[in-house]
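Understanding the architecture of this molecule
Here's the letter readout for the chains.
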Amino acid sequence: MSQPVLQKPPVVGPVYVVKDNIDTDQIIPAEYLNLVPTIPEEYEKLGSYALSGLPESIYPVRFVKEGMTKTLYPIVVTGKNFGCGSSREHAPIALGAAGVEVIVAQSYARIFFRNCIATGEVFPYETDVRLCDILKTGDIAKIDFENNTLESGGCVYALKPLGEVLPVIEAGGIFAYARKMGMIPSAKQ
Amino acid sequence: MTLTEKLLARASGRKSVSAGENIWVNVDTLLTHDVCGPGTIGVFKREFGPNAKVWDNTRVVIIPDHYIFTADSKSNRNVDILREFAREQNIIYFYDVIDSVNGQQSWKFDPSKGLLQRQYGNSYAGVCHAALPEKGHCRPGEVLVGTDSHTCMAGAFNMFATGIGNTDAGFVLGTGKILLKVPPTMRFWLEGQMQPGVMAKDVILHIIGEIGFDGATYRAMQYEGPGVASLDMDDRMTIANMAIEAGAKNGVFPFDEITKKYVDEAIRRNGTRSEYTPVELDTEQNFCYDKKIDLDKIEPTVAQHPDPGNRALAKELSHVKLDRAYIGSCTGGKTSDFLAFAKVIGKRKVKIDTYGVPATPMVVKQLQTISWEGISVWELLQSAGVIMTENASCAACLGGPQDTFGRLNKPLTCISTTNRNFPGRMGHKESRVYLASPYTVAASALTGRITDPREFL
């Protein structure tokens, strides 16, 4: 049986690599939760703080450079249990607002994964390959949505197809999906 | 079916559901607070239109509790956004920081009054997960979703309770429905009872250490067995609260007389909706994991920096020197937590900076009323050197704005009754946090190093 395919142009750019168990406090430190994601200026601001909770002793290269609002890295590569901890939607939103398009992890914490899908901010791919030990921050990678692969340094790595959440992603998030399913009226009041 | 499957089957109008199915579930109660409420309201307005009405104004519970006692203007503003929405939507269960009936229209924290003295009005409820049951919003057999990962605490009350993001919550606000995947259930069969010096926090830290802090990802954690009867509701809440610390979707307990007594009293006290139908245990249940936990054998347990699954016994960590001790939060700031803490402290003095933040105003009142040998527990703690605040809130459990009470603004080592210890969780990202029971935190506050509380009991 053929997997459904997502029609989306590839994302090419440098990767930012972090290891296992990056929790939501490291993705967006709690002190910035005073920012409301649906207020445009505060959405931008959240992006500028993305991954600012990573200890410098472990991650000396900053994800968003001082004084910038956007990151240079459209792809985040990580290990197990990415996004564990709080349910704050500010976490995928901060990454999306900073310019991240795709995350490639070995596994995700449940609510973070769900929030990626519901908001449509970032694509949460999984892979069985421990890419966070293979790739280095700054390596150039290409994400191919049609074939579910990550290509870097002449190697092609398989990503797990998005499977059952694909219809929600394709629709453009939980609201669009619910409208398509007839759960809520098709147009705003 | 398991308890979680029964709860979700009922809420989706089906005879049965099984793990892995995606189903639309009717929500009984939606909870939100000051850090995720404004964004949820933003999503609701954006998607349903500026004049849309919430699906049921009696089923939305709004409890500001996170960043309240701070001079940060955006945080103060966020409380005002909640108030405006509650007024516009006629939401009955909005537990405002101020008594706005007196004409006060906005919340502004006054730093000149200090962080210790009460700055809230009569409707303020404190930390949402502790306030929900106290205010009569936890009803067995129901589905509760909230914009906070520790919403799972209400699973103690035989409910399906889980944390969700703003977008899903905005959807629930408009429709009363949520798309959920039925989680497989892990069963923890409890036998025996906790020994002196051991608390419910030790039990859950033991279990998370056992399965790993992503060991229950996407799953339900169900507690059963003869040991459940020895746990009171506070104990069960502490255990259910930390289901998320193992990655679980929810934690759930069976219904019994202990649940009934607590729930009925809270409903009577508050006049909230009183009808409810618990779900009973089936004889046929499918589990993806089944483990016996002998409560008798559990010892004072600590989760070491940097995650809640990094388990050790308190007695093995006496070499760890501490800068600070902290008691508070939904999981560790209940009246019973402070009483246990005070029992260890007794007439002694703490040796390190020790901060106490009650979960709710009712905890403050109880600690100021309960008297031991002629002085209140509150005074006992104060005279031991514990810095107690009347301003019940989440406070430094999750760091918060720089001026938050008890926040780790330097790379300190802290032992805490809270529920998370990821890098930076309580403030400074190079600080180190150890999680432990109120007994262990108290004993450690007395010695300045991690200490098995049985040395003092």
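The structure under discussion appears in the preceding block.
So, here's what we can say about the structure. (Residues numbered from 1 in each chain as written. Chains lettered and ligands numbered in written order. Predicted model: local features only at pLDDT ≥ 70, side-chain atom pairs only at ≥ 80, totals over all residues. Heavy atoms only, no water.)

**Some words on the overall build of chain B**
Counted only if it meets this: Secondary structure elements follow DSSP: runs of H or I of four or more residues count as helices, runs of E of two or more count as strands, with numbering from the N terminus. With C-alpha atoms as the basis for the radius of gyration, the globule rule is written as 2.2 Å multiplied by the number of residues raised to the power 0.38. Think of it in three bands: with a 1.4 Å probe and only protein chains considered, a residue is buried below 20% of the maximum accessible area for its type, exposed above 50%, and partly exposed in between. Here, residues are in contact when the closest pair of their heavy atoms is within 4.5 Å. The Shrake-Rupley method, run with a 1.4 Å probe sphere, supplies the accessible areas, and residue values consider only the shown protein chains as cover. Note that His is not counted, nor are the chain ends; the positive residues are Lys and Arg, and the negative ones are Asp and Glu. Lys charges are placed at NZ, Arg charges at CZ, Asp charges at CG and Glu charges at CD.
Along its length, chain B carries 12 helices and 20 strands. Expected size for 457 residues packed as a compact globule is a radius of gyration near 23 Å; at 21 Å, chain B falls within 12% of this value. A burial count over chain B gives 66% of its 457 residues as buried. Relative to all contacts within chain B whose residues are 6 or more apart in sequence, the contacts with residues 24 or more apart total 76%. Entry remark: accessible area of chain B is about 15,100 Å², with carbon and sulfur atoms responsible for 48%. One finds the centroid of the 51 positive side-chain charges in chain B at a distance of 3 Å from the centroid of its 51 negative side-chain charges.

**Details of the packing of helix 9 (residues 335-345) of chain B against helix 12 (residues 438-447) of chain B**
Residues and elements named next belong to chain B. Counted only if it meets this: To obtain each axis, a line is fitted to C-alpha atoms, and for helices this fit is confined to the stretch in contact; angles are then taken between N-to-C directions over 0 to 180 degrees. Left-handed describes a crossing in which the near helix is turned anticlockwise from the far one by less than a right angle; the clockwise case is right-handed. Side-chain classes are defined by residue name, with Ala, Val, Leu, Ile, Met, Phe, Trp, Tyr, Cys and Pro counting as nonpolar, Asp, Glu, Lys and Arg as charged, and the others, Gly among them, as polar.
Running from amino to carboxyl end, helix 9 crosses helix 12 at an angle of 35 degrees, the nearest separation of the two axes being 8 Å. The two elements helix 9 and helix 12 meet at a crossing, and its hand is right-handed. In contact with D337, A340, F341, K343, V344 and I345 of helix 9, helix 12 contributes P438, Y439, V441, A442, A443 and L446. Looking at the contact of helix 9 with helix 12 residue by residue, the classes come out as 10 nonpolar, no polar and two charged.

**Comments concerning the sheet that holds strand 6 (residues 160-163) of chain B**
The strands that make up a sheet pair up through hydrogen bonds in the backbone, lying either parallel or antiparallel. Residue and element names in this part refer to chain B. The line we're drawing: Only strands that DSSP links by at least two bridges are regarded as paired with each other.
Read from one edge of the open sheet, five strands run 4-3-2-5-6, paired in parallel fashion. A strand with exactly one partner marks an edge of an open sheet, and here the two such strands are strand 4 (93-94) and strand 6. Of the strand pairs in this sheet, strand 5 (residues 143-146) and strand 6 are connected by four bridges, and their pairing is parallel. Its bridge partner lying in strand 6, V145 is registered against T162.

**Quick notes on the packing of aromatic side chains**
What counts is decided by this rule: Stacked, tilted and edge-to-face are the three classes applied to pairs of Phe, Tyr and Trp rings, where Trp contributes its six-membered ring and a pair requires centres within 6.5 Å; stacked means planes under 30 degrees apart, edge-to-face means over 60, and tilted covers the rest.
Using the criterion set out here, one finds 28 aromatic pairs over all chains in the structure. On the basis of an interplanar angle of 75 degrees and a centroid distance of 5.5 Å, the ring pair of F175 of chain A and F48 of chain B is categorised as edge-to-face. Placement of F175 of chain A in helix 7 (residues 174-180) and of F48 of chain B in helix 2 (residues 37-48) is noted, with the two residues assigned to different chains. This pair shows no difference in class: F175 of chain A is buried, exactly as F48 of chain B is.

**Some points on the pattern of salt bridges**
Two side chains carrying opposite charge are able to pair once their charged atoms lie near each other. We apply this condition: Here, a salt bridge means any side-chain nitrogen of Lys or Arg that lies within 4 Å of a carboxyl oxygen of Asp or Glu.
One pass over the full model with this rule turns up 40 salt bridges over all chains. Between K181 of chain B and E164 of chain A there is a salt bridge whose closest N-O contact spans 2.5 Å. Within this pair, whereas K181 of chain B is found in strand 7 (residues 177-181), its partner E164 of chain A is found in the loop between strand 7 (155-158) and helix 6 (166-171), the two belonging to separate chains. Judged by relative accessible area, K181 of chain B falls into the partly exposed class, the value being 28%.

**A short note on the packing of helix 7 (residues 233-241) of chain B against helix 8 (residues 257-270) of chain B**
Residues and elements named next belong to chain B. What counts is decided by this rule: Our angle categories are set so that under 35 degrees counts as roughly parallel, over 145 as roughly antiparallel, 65 to 115 as roughly perpendicular, and the remainder as oblique.
Between helix 7 and helix 8, whose axes approach to 10 Å, the crossing angle comes to 95 degrees. Considering the angle they form, helix 7 stands roughly perpendicular to helix 8. Here helix 7 contributes M233, R236 and M237 to the contact with helix 8, which in turn contributes I258, T259 and Y262.

**Notes on helix 10 (residues 361-369) of chain B**
Residues and elements named next belong to chain B. Under the convention used in this document: Taken from the helix axis, the directions to the C-beta atoms give the arc we talk about.
Those residues of helix 10 that fall on the buried side of the exposure criterion are P361, V363, V364 and L367. Along the axis of helix 10, the buried positions cluster into a sector of 155 degrees, meaning they face one direction only. Along helix 10, the residues that are exposed and aim more than 90 degrees away from the buried face are K365 and T369. Looking at the buried positions of helix 10, the neighbouring elements they touch are helix 9, strand 17 (375-376), helix 11 (377-383) and strand 18 (387-388).

**Observations concerning the interface of chain A and chain B**
How big an interface is tends to be reported as the loss of accessible area on association of its parts. Put simply, the test is: We define buried area as the total accessible area lost by two parts upon association, computed with a 1.4 Å probe and summed across both.
Each partner contributes to the interface: chain A provides 47 residues, whereas chain B provides 56 residues. Summing the contributions of chain A and of chain B, the shared interface buries around 4,200 Å²; its carbon and sulfur component is 55%. Considering only the side of chain A, the residues that lose the most area to chain B are N34, R110 and F175 of chain A, jointly responsible for 17% of the buried surface there. Summed over the shared surface of chain A and chain B, the result is seven salt bridges. In this structure, the salt-bridge partner of E31 of chain A is R407 of chain B, at a minimum N-O distance of 3.2 Å.

**Quick look at the pairing of strand 15 (residues 353-357) of chain B**
Residue and element names in this part refer to chain B. Going by this rule: Place the viewer so that the strands point away; then a crossover is right-handed whenever the path from the first strand over the helix to the second strand goes clockwise.
Of all the five residues making up strand 15, four are buried; the element is thus mostly covered by neighbouring parts of the structure. Examined bridge by bridge, strand 14 (residues 324-328) and strand 15 share five bridges and lie parallel to one another. Looking at the pairing, Y326 lines up with Y355 of strand 15. You can see the chain leave strand 14, run along helix 9 and come back into strand 15, and the turn it takes is right-handed. Sheet topology places strand 15 next to strand 18; two bridges connect them, and they run parallel. Along strand 18, the bridge assignment pairs G356 with M388.

**Considering the state of the cysteines**
All names here are of chain B. Put simply, the rule reads: By definition, disulfides here are pairs of cysteine sulfur atoms that lie within 2.5 Å.
Tallied over the full model, the rule gives zero disulfides over all chains. A disulfide-free cysteine, C128 has its sulfur positioned 6.1 Å from the sulfur of C394, the nearest such atom. Judged by relative accessible area, which is 0%, C128 ranks as buried. The structure places no disulfide on C138, whose sulfur is separated from the nearest cysteine sulfur, that of C128, by 10 Å. The exposure class assigned to C138 is buried, which follows from its relative accessible area of 4%.

**Examining the sheet that holds strand 11 (residues 289-294) of chain B**
Residue and element names in this part refer to chain B. Strand order in this open sheet of four strands is 10-9-8-11, and the pairing throughout is parallel. Because the sheet does not close on itself, it has two edges, and the strands there are strand 10 (250-252) and strand 11. Strand-to-strand, the axes of this sheet are offset by a mean angle of 20 degrees, without reference to chain direction. As defined by bridge partners, strand 8 (residues 185-191) adjoins strand 11 across six bridges and the pair is classed as parallel. Residue pairing across strands places M186 opposite Y289, the latter belonging to strand 11.

**Side note on the side chain of S444 of chain B**
Selection criterion: N or O atoms within 3.5 Å of each other form a polar contact, as long as, within protein, one can give a hydrogen and the other can take it, and as long as residues adjacent in sequence are counted only when both atoms are side-chain atoms.
When you line up the elements, S444 of chain B lands in helix 12. At a separation of 2.7 Å, a polar atom in the side chain of S444 of chain B contacts the main-chain carbonyl oxygen of T440 of chain B.

**Observations concerning unusual backbone geometry**
Cis geometry is found at the peptide bond from H305 of chain B to P306 of chain B, where omega equals 5 degrees. Among the structural elements, P306 of chain B can be located in the loop between strand 12 (301-303) and strand 13 (311-313). Located in the positive-phi region is L51 of chain A, a residue other than glycine, with phi close to 60 degrees. Within the element layout of this structure, L51 of chain A appears in the loop between helix 2 (40-48) and strand 2 (75-77).

**Here we look at the environment of L367 of chain B**
Residues and elements named next belong to chain B. As for its position among the elements, L367 is in helix 10. Between the C-alpha atoms of L367 and V54, which are 313 residues apart in sequence, the distance is 38 Å. Apart from the residues within four sequence positions on either side, L367 is in contact with T335, F338, L339, S376, V377, W378 and M388.

**What about helix 1 (residues 3-11) of chain B?**
Residues and elements named next belong to chain B. Most of helix 1 sits out of view: eight of its nine residues are buried. Listing the buried residues of helix 1 in full gives L3, T4, E5, K6, L7, L8, A9 and A11. Count one or two residues on from helix 1 and you reach G13, which has phi positive near 70 degrees.

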